[in-house]
Structures are given as structure tokens and as C-alpha cells.
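An overview of the molecular structure
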Amino acid sequence: MIYTEMDMERLVLDNGFMPFFSCGIAGFSIEDQTPARLWFSRDEDGPWEWKGPVIREGHCAYGKIFDKKAGYVSLDWLPDLMNYRRSKHYAKDDDTAALDDIVLQTIMSEGSATVKELRRLLGFARGRGRRKADYPADDMPETGKISLEPILTRLMMGLRIVIADFEYNIDRHGNPYGWGVARYALPEALYGIRRAQCTPEESYEKILSHLEKLLPDGPQARIKRLVG
């Protein structure tokens with residue numbers, strides 16, 4: 001069971017992959033392994049508060065990478081997951097893919113960005129700074145008609161970006177409060193260039209075999225959904 005930040009990180013490193021929320025495979029998530037008193041607590045820190053610190057330790061990557069839901073992958077397994085996921089297409093058409101690429105290129109050029117920063121940079125937030133004349137999103141709609149959330153989710157599922165950290169508002173006593181705001185970055189910006197020395201298909205089989213051995217009683221359909 002998870003009682004400390006170190007317990008949570010060790011669970012990820014030992015398993016290689018770990019969904020944050022229950023995923024339909026008994027016991028295979030941070031939520032399943034956390035006592036109820038720590039999962040949501042006003043008095044004690046728990047997994048929600050430890051998400052950022054575990055990311056900052058630099059031993060595992062985090063994002064919506066398991067069936068569009070959040071979770072961790074260890075750096076040992078990140079190259080294979082990237083290798084496989086980047087061979088897939090998550091956009092439904094060319095226009096969607098082009099929009100995804102604009103957001104990806106914006107994050108790449110900035111180094112990292114929050115949703116609020118992306119809205120300003122892409123011109124989605126009216127009256128909040130000006131775009132450069134040659135910016136690729138220069139002819140995009142000005143209002144919030146385009147939601148960034150599904151774009152960011154597709155980019156995370158494809159391991160094009162991950163969550164680099166969570167940022168919190170600070171009260172007058174210097175204490176963080178509220179829900180953390182995700183900051184997005186490319187895996188290469190955080191962990192350097194990591195390549196699997198095999199084909200995407202071979203990476204898929206390696207991951208699937210690992211999870212099947214790790215979860216011998218887990219429904220295969222669920223396991224395959226986690227692999228993607």
C-alpha cells in the first residue's frame with residue numbers, strides 16, 4: 001500500500017507502468033493501492049499532492065497516457081512506449097492533426113507551457129498579449145471555440161508531450177492551495193533523447209508481454225487498452 005511519496009514512486013518504478021485512477025484491473029492503480037484516508041484528505045498529503053514531487057524526481061513520466069487517463073511510466077519503459085505510441089495516429093483527420101501539430105510546435109518553441117499560456121500564445125484569449133506576425137496560429141479563431149483539452153490529451157496519448165509539473169496558487173502565508181495547474185513539455189526536454197532499439201511493433205509486444213506477466217489475472221482486453 002502507498003503511505004508516502006516514496007512508496008508511490010517505488011510502485012511506479014517496480015511495475016514500470018502505473019495508472020493513477022482505477023482502470024478495471026483490480027489493484028493496478030495508485031488509487032487502488034492508497035488507503036481511503038489518504039486518497040482525499042484535508043489533514044494529510046496524499047497522491048494528489050505527491051504527483052508533482054514524483055515527476056520532479058525525474059525517474060518517471062506522467063500524463064494522460066492510459067486510455068486517455070492519467071498515469072506514470074518509468075524512464076526504463078518510456079522509450080518503448082514512445083516508440084509504439086508515436087507510430088499511431090490519434091487525430092481523426094488532417095485538419096485535427098494540423099491543429100495538434102500547431103499546439104505541439106508552440107510547446108516546443110516555448111520549452112513548456114500551461115493551458116493559460118497556450119491560450120494566450122495561440123490567440124484563444126482575447127486581449128491578452130499579441131501574437132507575432134509570423135506565428136503559425138496567426139489565422140486561427142480568436143475566441144475559445146477550440147478546446148485545448150482534447151488536443152493535449154491526444155498529444156499525451158501519443159507521448160509527444162507529458163506533464164512536467166503542477167503549479168499552485170500561493171496564499172498570503174506562503175502555502176499552496178487549490179488544484180494544481182499542469183505544465184506541459186516534450187519528453188525530450190525533460191529526459192533527453194531516448195530511443196528504443198527496435199520497431200514499434202516489437203515495442204508493443206515487449207510492453208504487452210511485461211504487463212501480462214505482471215497482471216496474470218488481468219483481463220487481456222483491459223491490458224491491451226492500457227498499452228494503447
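Residues numbered from 1 in each chain as written. Predicted model: local features only at pLDDT ≥ 70, side-chain atom pairs only at ≥ 80, totals over all residues. Heavy atoms only, no water.

Moving on: the overall build of the chain. Assigned secondary structure in the chain consists of 10 helices and six strands. A compact globule built from 228 residues would reach a C-alpha radius of gyration of about 17 Å, and the chain, at 18 Å, matches this within 12%. Taking the principal axes of the C-alpha coordinates as reference, the chain spans close to 55 × 50 × 30 Å. Long-range contacts, defined as pairs at least 24 residues apart, comprise 59% of the intrachain contacts of the chain with a sequence gap of at least 6. Summing over all exposed atoms, the chain offers an accessible surface of approximately 12500 Å²; the carbon and sulfur share of this is 48%. (Helix = DSSP H or I, 4+ residues; strand = E, 2+ residues; numbered from the N terminus. Rg over C-alpha atoms; globule rule 2.2 N^0.38 Å. Contact = heavy atoms within 4.5 Å. Areas by Shrake-Rupley, 256 points an atom, 1.4 Å probe, with all protein chains shown as cover.)

In this sheet, strand β6 (residues 176-185) lies alongside strand β5 (residues 162-170) in antiparallel orientation, the contact comprising seven bridges. Considered in β6, the bridge of N169 is made with Y177. Taking the residues that link successive antiparallel strands as the turn, the β5-β6 hairpin has five residues, and the phi of G174 there is positive, at about 85°. (Pairing = 2+ DSSP bridges.)

A few words now on the side chain of H210. Looking at the secondary structure, you find H210 in helix α9 (residues 200-214). Setting aside anything within four residues of it in sequence, one finds H210 in contact with N15, F17 and W77.

The strand order across the open sheet built from three strands is β4-β6-β5, with neighbouring strands paired in antiparallel fashion. Sheet topology places β4 (113-114) and β5 at the edges, where each strand pairs with a single neighbour. As paired elements, β4 and β6 share two bridges and run antiparallel to each other. Across the sheet, residue A113 finds its bridge partner in β6, namely Y184.

This part is about unusual backbone geometry. Most peptide bonds are trans, and most residues other than glycine sit at a negative phi. The phi angle at D67 is positive, at roughly 55°, despite the residue not being glycine. One non-glycine residue, K68, lies in the positive phi region at around 70°. Counting through the fold element by element, K68 comes out in the loop between β2 (60-66) and β3 (69-74). Residue classification places K68 among the exposed positions, given a relative accessible area of 57%. (Buried < 20%, exposed > 50% of the residue type's maximum accessible area, 1.4 Å probe, protein only.)

With that out of the way, let us pick up the pattern of salt bridges. On inspection of all chains with the given rule, the structure shows nine salt bridges. The shortest N-O distance in the salt bridge between R37 and E44 comes to 2.9 Å. Here E44 falls in the partly exposed class, since its relative accessible area comes to 37%. Close ionic contact of D67 with R225 constitutes a salt bridge, the shortest N to O distance being 2.5 Å. Here D67, found in the loop between β2 and β3, pairs with R225, found in helix α10 (residues 220-227); they are 158 residues apart in sequence, far enough to count as distant. According to the relative accessible area criterion, R225 is partly exposed, its value standing at 44%. Here the salt bridges share partners, and the residues they tie into one network are E117, E167 and R183. (Salt bridge = Lys/Arg side-chain N within 4 Å of Asp/Glu carboxyl O.)

Any functional reading would require information beyond the geometric quantities listed.
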